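Topology and contacts: notes
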Amino acid sequence: MKFLDQAKVFLKSGDGGPGCVSFRREAFIEYGGPDGGDGGRGGAVVLECVDGLNTLIDYRYQQHFKADSGRPGSGGNRSGASGGDSVLRLPVGTQVLDDDREHVIADLTKVGERIVLMKGGDGGFGNAHYKTSTNQAPRKSLPGWPGEEMWVWLRLKLIADAGLIGLPNAGKSTFLSSVTRARPKIADYPFTTLHPGLGVATVGKEEFVIADIPGLIEGASEGAGLGHRFLGHVERCAVLLHLVDATQNDPAAAYRTVRQELEEYGGGLSDKQEIVALSKIDSVPEEDIPVLVDMVQEEIGREVITLSAISGAGLDTALSALIGPVQEARRARKDAAAKDDTDFSEPEDETEASEETGKTGAGWSPV
Ligand SMILES: Nc1nc2c(ncn2[C@@H]2O[C@H](COP(=O)(O)OP(=O)(O)OP(=O)(O)O)[C@@H](O)[C@H]2O)c(=O)[nH]1
Ligand SMILES: [Mg+2]
C-alpha cells in the first residue's frame with residue numbers, strides 16, 4: 001500500500017430538495033386544498049475513523065466528495081427523500097484542517113469515531129405548509145436550502161507510543177524489524193526508509209506501537225534530505241528512542257545534529273522524553289564501548305544504553321526503558337478521559353463551554 005500523509009479534498013453537503021406546489025384534484029372532491037409536500041434534506045458530509053488503514057492514498061485518486069441532494073416534495077403531501085450522506089473513511093490519527101492549514105477542524109483519534117462535518121441543507125416547504133384559514137389555496141413553496149462546501153486538508157499523524165529517531169543509517173528500521181513483526185526495507189545507504197512505518201512490540205503482557213521514520217540530517221528543517229516533514233508522525237508518541245550509530249567517528253556530534261533538528265521543528269518534540277541508545281555495538285571493539293558511552297553521556301548528561309539489533313544485545317533493556325513512559329502516558333490519557341466524562345455531565349460554566357466550541361472552527365458535532 002502506498003503511503004500518503006496529506007491530501008486536499010473538496011467537500012460539499014447536499015442541497016435541500018424544493019417544496020412542491022400542488023392541489024388535491026379528485027372526482028367529487030371540490031376544493032381539495034393544497035397538498036404539496038416538503039423537499040427532502042440534503043445528505044451530510046461525515047468523517048468516520050476506521051481500523052486497518054494507515055495511509056490517505058485513497059484521497060489522491062478521489063478528491064471531490066459531494067453528498068446527494070434531497071429529492072423534491074410532491075403532491076399528495078409526499079415529502080421528498082433525504083439525500084445520502086458522503087462518508088469519508090479515514091485512518092486513526094487523521095486531522096482535518098481548513099484551507100489555510102491553520103485551524104484543526106476535527107481530530108480523529110479513536111476507531112469508530114464519527115463526526116458530521118457539514119449538515120445537508122433543509123428541504124423547502126411545500127404549499128401545504130402555508131395553508132391558513134385566510135389563505136386556503138397558497139401557491140407559495142420554497143426551494144431547498146443549499147448545502148455547505150469547503151476545501152479541507154487531511155493530515156495523517158500516525159498514532160504510535162514510541163518513535164524512532166536518528167540520522168540515516170543509524171539502524172532504526174533494523175531495530176523495528178528485530179523487536180516487532182514489521183518488515184521495513186533495510187539497506188546500507190542513507191534514506192532507505194522513505195515513509196514512516198509502524199510495528200507492535202511486546203514487553204511482558206503489554207503491547208505498544210513503535211514508529212520508524214526516515215532519518216534526519218543537518219538542515220532537515222530547511223528541507224535537506226527528506227526534510228522534517230515526517231516528524232509529525234512521532235509528535236503524538238509518549239517517548240522517543242534516539243539511535244546513535246556507534247560505528248561512526250563522532251557519536252556526540254550525531255546526537256547534537258538530530259537534537260538541533262528536533263528543536264527547529266518545534267511541536268513539543270524537543271521536550272519529549274528521550275531514551276538515547278548507541279546502536280550497532282556488535283561492530284565496535286568491546287573495549288571501545290565504554291569510551292563511546294562516556295562520550296555521549298557527557299554530551300547529554302544522562303544515561304545512555306547500548307544495543308545491537310543484529311546480535312540482539314540490549315534490545316530488552318531498550319524495550320523496558322520505553323515501556324515506562326508509554327504506560328505513564330496511557331495512564332494520563334485514561335485519567336484525562338475519566339475527568340472529561342465527569343466534566344461533561346456537569347459543565348462548570350456555560351460561556352466557557354461555548355467559547356471552547358467556537359475555537360474548534362465549529363460546524364461539526366460528534367454523532
Ligand atoms: N552490525 C550491525 N549493523 C546494523 C545494525 N543495525 C543496522 N545495521 C546495518 O546498518 C544499515 C542501515 O540500517 P537501517 O536499519 O536501514 O538504518 P535506518 O536508520 O533505518 O536508515 P534510514 O532508513 O536510511 O534512515 C544496514 O546495512 C543494517 O544492516 C546492528 O545492530 N549491527
Ligand atoms: Mg530506515
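Note that the structure is predicted; figures quoted are calculated from it, not measured. (Residues numbered from 1 in each chain as written. Chains lettered and ligands numbered in written order. Predicted model: local features only at pLDDT ≥ 70, side-chain atom pairs only at ≥ 80, totals over all residues. Heavy atoms only, no water.)

Moving on to helix H3 (residues 251-265). The terminal C-alpha atoms of H3, which comprises 15 residues, lie 22 Å apart, in line with the 21 Å expected from a rise of 1.5 Å per residue. Buried within H3 are the following residues: Pro251, Ala252, Ala254, Tyr255, Thr257, Val258, Arg259, Glu261 and Leu262. Its buried side turned inward, H3 meets strand S9 (162-166), strand S12 (239-245), strand S13 (273-279) and helix H4 (289-300). Immediately downstream of H3, the backbone of Gly266 shows phi near 80 degrees, a positive value. (Helix = DSSP H or I, 4+ residues; strand = E, 2+ residues; numbered from the N terminus. Expected span 1.5 Å × (residues − 1). Buried < 20%, exposed > 50% of the residue type's maximum accessible area, 1.4 Å probe, protein only. Contact = heavy atoms within 4.5 Å.)

Taken together, 22 residues form the shell around ligand 1, and within it Thr174, Phe191, Thr193, Asp282 and Ser283 come nearest. For ligand 1, an oxygen atom lies 2.9 Å from a polar atom in the backbone of Asn169. Between ligand 1 and the protein, one listed contact pairs an oxygen atom with a backbone N or O atom of Ile310 at 3.3 Å. Across the complex, the protein chains shield 89% of the 650 Å² of accessible surface that ligand 1 would expose by itself. Grouping the constituent residues of the shell around ligand 1 by class yields nine nonpolar, nine polar and four charged. (Near = heavy atom within 4 Å. Polar contact = N/O pair within 3.5 Å; in protein donor to acceptor, adjacent residues only side chain to side chain. Areas by Shrake-Rupley, 256 points an atom, 1.4 Å probe, with all protein chains shown as cover. Nonpolar A, V, L, I, M, F, W, Y, C, P; charged D, E, K, R; others polar.)

When four donors bind a metal tetrahedrally, each ideal donor-metal-donor angle is 109.5 degrees, and when six bind octahedrally, the ideal angles are 90 or 180 degrees. Here the magnesium ion (ligand 2) is held by Ser173 (OG) and Thr193 (OG1), and the distances to it run 1.9 to 2.0 Å. With Ser173 in helix H2 (residues 172-179) and Thr193 in the loop between H2 and strand S10 (197-203), the pair connects residues that are 20 residues apart, well separated along the chain. No difference in accessibility class separates Ser173 from Thr193, as the two residues are buried. (Donors = N, O, S within 2.8 Å, 3.2 Å for Na, K, Ca; no water.)

Next up on the list: the confidence of the model for the protein chain. Scored by pLDDT, the protein chain comes out at a mean of 87, with 92% of its residues at no less than 70. Per-residue pLDDT, averaged within each element of the protein chain, yields its smallest value for helix H6 (residues 350-359) (39) and its largest for strand S3 (residues 64-66) (96). This model gives residues 344-367 a pLDDT under 50, and the stretch forms 17 contacts once residues within four places in sequence are excluded. (pLDDT = per-residue confidence, 0-100.)

Formed by 54 residues in total, the largest nonpolar core has its most connected members in Leu11, Leu47, Tyr59, Leu88 and Leu278. Among the elements that take part in this core, H4 stands out by supplying five residues, more than any other. Both of domain 1 (1-156) and domain 2 (162-326) provide at least three residues apiece to this core. What Tyr59 contacts, discounting residues up to four positions off in sequence, is Ala7, Val9, Phe65, Leu88, Arg89, Leu90 and Leu154. (Core = buried A, V, L, I, M, F, W, Y, C linked by side-chain atoms within 4.5 Å. Domains from an automatic or database assignment.)

In this section: the domain arrangement of the protein chain. Here the domain parsing of the protein chain yields domain 1 (1-156) and domain 2 (162-326). Averaged C-alpha coordinates put domain 1 and domain 2 at centres separated by 47 Å. The interface formed by domain 1 and domain 2 contains two salt bridges. Between Arg229 and Asp5 there is a salt bridge, with its nearest N and O atoms 2.9 Å apart. For the pair domain 1 and domain 2, the interface holds three residue pairs in polar contact (both at pLDDT 80 or more). Residues of the side of domain 1 that touches domain 2, tallied by class, amount to two nonpolar, four polar and two charged. (Salt bridge = Lys/Arg side-chain N within 4 Å of Asp/Glu carboxyl O.)

What follows covers the pairing of strand S2 (residues 45-50). By the criterion of burial, S2 is predominantly enclosed, with six of the six residues buried. By the alternation rule, side chains of S2 split into Val45, Leu47 and Cys49 and Val46, Glu48 and Val50, which are all buried. Note: S2 against strand S4 (residues 86-91), six bridges, orientation parallel. For Leu47, the partnering residue across the bridge sits in S4 and is Leu88. Pairing analysis gives four bridges linking S2 to strand S7 (residues 114-118), with the strands arranged antiparallel. (Pairing = 2+ DSSP bridges.)

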